[in-house]
Amino acid sequence: MSSAGLGKPETLKETGQGPGNVRIVKDLIEAIEKDRQPLGSMYDGRAALEMILAVYESHRHKGPVELPLKNREHPLSNL
């Protein structure tokens, strides 16, 4: 699959995030075919998001917060 369509060669130049995105999609397809978690699973994504939200929550409280976050609301909605 390419930007030109199924079975057609890629015509766009690879720049920026493109090559990384291709590797991510290939790993996801392989994970589905082999019934395994992808290298960057949804669990990894959830943990990364919680760490980012903890930064906002820490700023709001002006100090450290514990993970997992006790307040499950988006910290920016409480500013």
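Refer to the structure above for everything that follows.
Residues numbered from 1 in each chain as written. Predicted model: local features only at pLDDT ≥ 70, side-chain atom pairs only at ≥ 80, totals over all residues. Heavy atoms only, no water.

S.K.: Even after reading the chapter, I still don't get helix H1 (residues 18-34), so can you show me in this structure?
M.R.: An α-helical segment advances 3.6 residues per turn. Residues three or four places apart therefore align on the same side. In this model, H1 (17 residues) spans 24 Å end to end at C-alpha, consistent with the 24 Å of a helix rising 1.5 Å per residue. Remark: Asp-35 follows H1 within two positions and exhibits a positive phi of approximately 50°. (Helix = DSSP H or I, 4+ residues; strand = E, 2+ residues; numbered from the N terminus. Expected span 1.5 Å × (residues − 1).)

S.K.: Whenever I open this one, the pattern of salt bridges confuses me. Can you help?
M.R.: Close approach of charged atoms allows side chains of opposite charge to pair. Applying the stated criterion to the full structure yields six salt bridges. The closest approach of N and O atoms between Lys-70 and Glu-66, which form a salt bridge, is 3.6 Å. With relative accessibility at 58%, the residue Glu-66 sits in the exposed group. Within this structure, Asp-27, Glu-30, Lys-34 and Arg-36 form a network of salt bridges that share partners. (Salt bridge = Lys/Arg side-chain N within 4 Å of Asp/Glu carboxyl O. Buried < 20%, exposed > 50% of the residue type's maximum accessible area, 1.4 Å probe, protein only.)

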